[in-house]
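# Results of the structural survey
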Amino acid sequence: MHHPVAIIGAGLGGLTLARVLRVHGVEAAVFDLDASPAARTQGGMLDIHADSGQEALRAAGLHEEFRALILPGGQATRVLDKDAVARFEAADDGAGERPEVDRGALRDLLLGSLPGGTVRWGAKVTGARALGDGRHEVTLEDGSAFTTDLLVGADGAWSRIRPLLSDARPAYTGVSFVETDLLKADERHPVSAGVVGGGFLLALGAGKGFLAHHEPDGSLHVYTALRVAEDWAEGVDFNDVEAATGYVLEHFADWDESLRALVADADGPLVPRLIHALPVGHRWGRVPGVTLLGDAAHLMSPFAGEGANLAMLDGAELGLSLAALPGECEAALAAYEEKLFPRSAAAAAASAQSSVALFAEDAPQAVVDLFTARP
């Protein structure tokens, strides 16, 4: 089978590209390893930036629909120290440029804007090879294969398409997350709900902290962050919730109980996630017929809030570049990458710097200074 345009990965970036291409009359096939759109949860809240994610949604013709997804009050921010003392607080006055939306709802918006069958679910890519003249063959886990004139790797951190362009691999950043949820917290965990507030909480100390969002359904989505060795969790069975909870809380022995409760009272499993990143300034030479976007191109730590926004902007700009230069695929890819590389390098550098500041010895002082310095 042959597809003129094949996008590997049905995340926010890949779907934005497919949607922008469709707006301009170009059909694309999207391949994703998940068995269905509901195969796994999509994570917590995202702040969608006016100059990146929202611009992408405008290019996709979906900005008005996006506005209906915004969580009222979601931009409220609290910064606490380890004793739960508020060091900075800001209400959501509705005038901010980074409104909060649920990642899953945003993905559903993009999926719903595409014709049925655009995404091939359960299509796990196992490899890709160049055939010459910019064409590629992609093989799938079920043994089937297809060819394409334009191959786009939107398949995340461990991209199967990246090796066609680059030898770079993500490296551990020194920070790990443990992801937890407190369900229906407004009713079941009112103290924790009050600590987090109506939007985003940063509770920080030296080498560790809690990052939490209030979800539209009243639940809390919590990331416990630890600056630890890469193998820190290898001796812990995270299927044993009690043991895992105790192990994580050992790192917060002298923290206020209201913050420890964000882990101690969690509903369901504790999910460890090691944070990886590609080298800052990752780039590649022009290879005919293939390119990357999102985490496949510039995986970075999440501490500047840029990952999803950049993935969507990448998808939109690639789609617009291809639409502006019909029949000139290589010129369109070169124009796209010329803007991609400096933009992603700057964001990756900012993310790396934020990772240091968030968990510095005097945390949360650097974060407080950042927020109070804003006009």
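In the block above lies the structure referred to throughout.
Reading the values: the criteria
- Residues numbered from 1 in each chain as written.
- Predicted model: local features only at pLDDT ≥ 70, side-chain atom pairs only at ≥ 80, totals over all residues.
- Heavy atoms only, no water.
- Salt bridge = Lys/Arg side-chain N within 4 Å of Asp/Glu carboxyl O.
- Helix = DSSP H or I, 4+ residues; strand = E, 2+ residues; numbered from the N terminus.
- Buried < 20%, exposed > 50% of the residue type's maximum accessible area, 1.4 Å probe, protein only.
- Pairing = 2+ DSSP bridges.
- Axes fitted to C-alpha atoms, helices over the stretch in contact; angles between N-to-C directions.
- Core = buried A, V, L, I, M, F, W, Y, C linked by side-chain atoms within 4.5 Å.
- Contact = heavy atoms within 4.5 Å.
- Polar contact = N/O pair within 3.5 Å; in protein donor to acceptor, adjacent residues only side chain to side chain.
- Parallel < 35°, antiparallel > 145°, perpendicular 65-115°, else oblique.
- Left-handed = near helix turned anticlockwise from the far one by under 90°.
- Nonpolar A, V, L, I, M, F, W, Y, C, P; charged D, E, K, R; others polar.

Any two side chains of opposite charge can pair, so long as their charged atoms come close to each other. Scanning the model with the defined rule gives 16 salt bridges in all. Here R273 ties to E179 by a salt bridge, and the two come within 2.4 Å at their closest N and O atoms. Residue R273 is found in strand 15 (residues 267–277), and its partner E179 is found in strand 11 (residues 171–182); the two are separated by 94 residues along the sequence. Linking R286 and E330 is a salt bridge whose minimum nitrogen-to-oxygen distance equals 2.9 Å. Separated by 44 residues along the polypeptide, R286 in the loop between strand 15 and strand 16 (290–292) and E330 in helix 11 (residues 329–358) bring together distant segments of the chain. Note on E330: relative accessible area 29%, which makes it partly exposed. Because the salt bridges share partners, they merge into one network encompassing D314, E317, K339 and R343.

Attention shifts here to the sheet that holds strand 13 (residues 208–214). Here 7 strands make up an open sheet; going across it, the order is 5-4-12-13-14-11-15 and the pairing mixed. Every other strand in the sheet has two partners, leaving strand 5 (86–90) and strand 15 as the edge strands with one partner each. The mean angle between the axes of side-by-side strands here comes to 15 degrees, regardless of whether they run parallel or antiparallel. Looking at chain direction, strand 11 and strand 14 (residues 220–227) are connected through 8 bridges and run antiparallel. Within strand 14, the position partnered with E179 by the bridge is Y223.

We now examine the pairing of strand 4 (residues 77–80). Residues T77 and V79 point to one face of strand 4 and R78 and L80 to the other, with burial holding for every one of them. Pairing geometry for strand 4 and strand 5, over 4 bridges, is antiparallel. Across the sheet, the residue bridging to L80 is A86, located in strand 5. Count of turn residues in the strand 4/strand 5 antiparallel hairpin: 5 residues, of which A84 carries a positive phi of about 65 degrees. Looking at chain direction, strand 4 and strand 12 (residues 200–205) are connected through 4 bridges and run parallel. Along strand 12, the bridge assignment pairs V79 with L202.

Most often, soluble globular proteins keep nonpolar side chains buried together rather than apart. In terms of nonpolar packing, the biggest core is built from 57 residues, with I7, L106 and L318 touching the most fellow members. In terms of residues, this core owes the most to one element, helix 1 (residues 12–23), which gives 6 residues. Discounting residues that sit within four places of it in the chain, L318 has contacts with L17, V152, T291, L293, L333 and Y336.

Turning to the environment of V119, a few remarks are in order. With respect to the helices and strands, V119 occurs in strand 7 (residues 119–120). The exposure class of V119 is buried, given its relative accessible area of 12%. Note: C-alpha distance between V119 and I7 (112 residues apart in sequence) is 9.2 Å.

Once that is clear, we can look at the environment of Y172. If you trace the backbone, Y172 turns up in strand 11. Setting aside residues no more than four positions away along its own chain, Y172 makes contact with V228, A229, E230, L274, I275 and H276. A polar side-chain atom of Y172 sits 2.9 Å from a polar atom in the side chain of S176. At 2.8 Å, the side chain of Y172 forms a polar contact with the backbone oxygen of V228.

Helix-helix packing is characterised by the crossing angle of the two axes and by the distance between the axes. Running from amino to carboxyl end, helix 10 (residues 307–324) crosses helix 11 at an angle of 160 degrees, the nearest separation of the two axes being 9 Å. With respect to helix 11, the axis of helix 10 lies roughly antiparallel. Handedness of the crossing formed by helix 10 with helix 11: right-handed. Where helix 10 approaches helix 11, its residues L310, L313, D314, E317, L318, S321 and L322 are matched on the opposing element by C329, A332, L333, A335, Y336, K339, L340, R343, S344 and A347. The residue inventory of the contact of helix 10 with helix 11, partitioned by class, reads 11 nonpolar, 2 polar and 4 charged.

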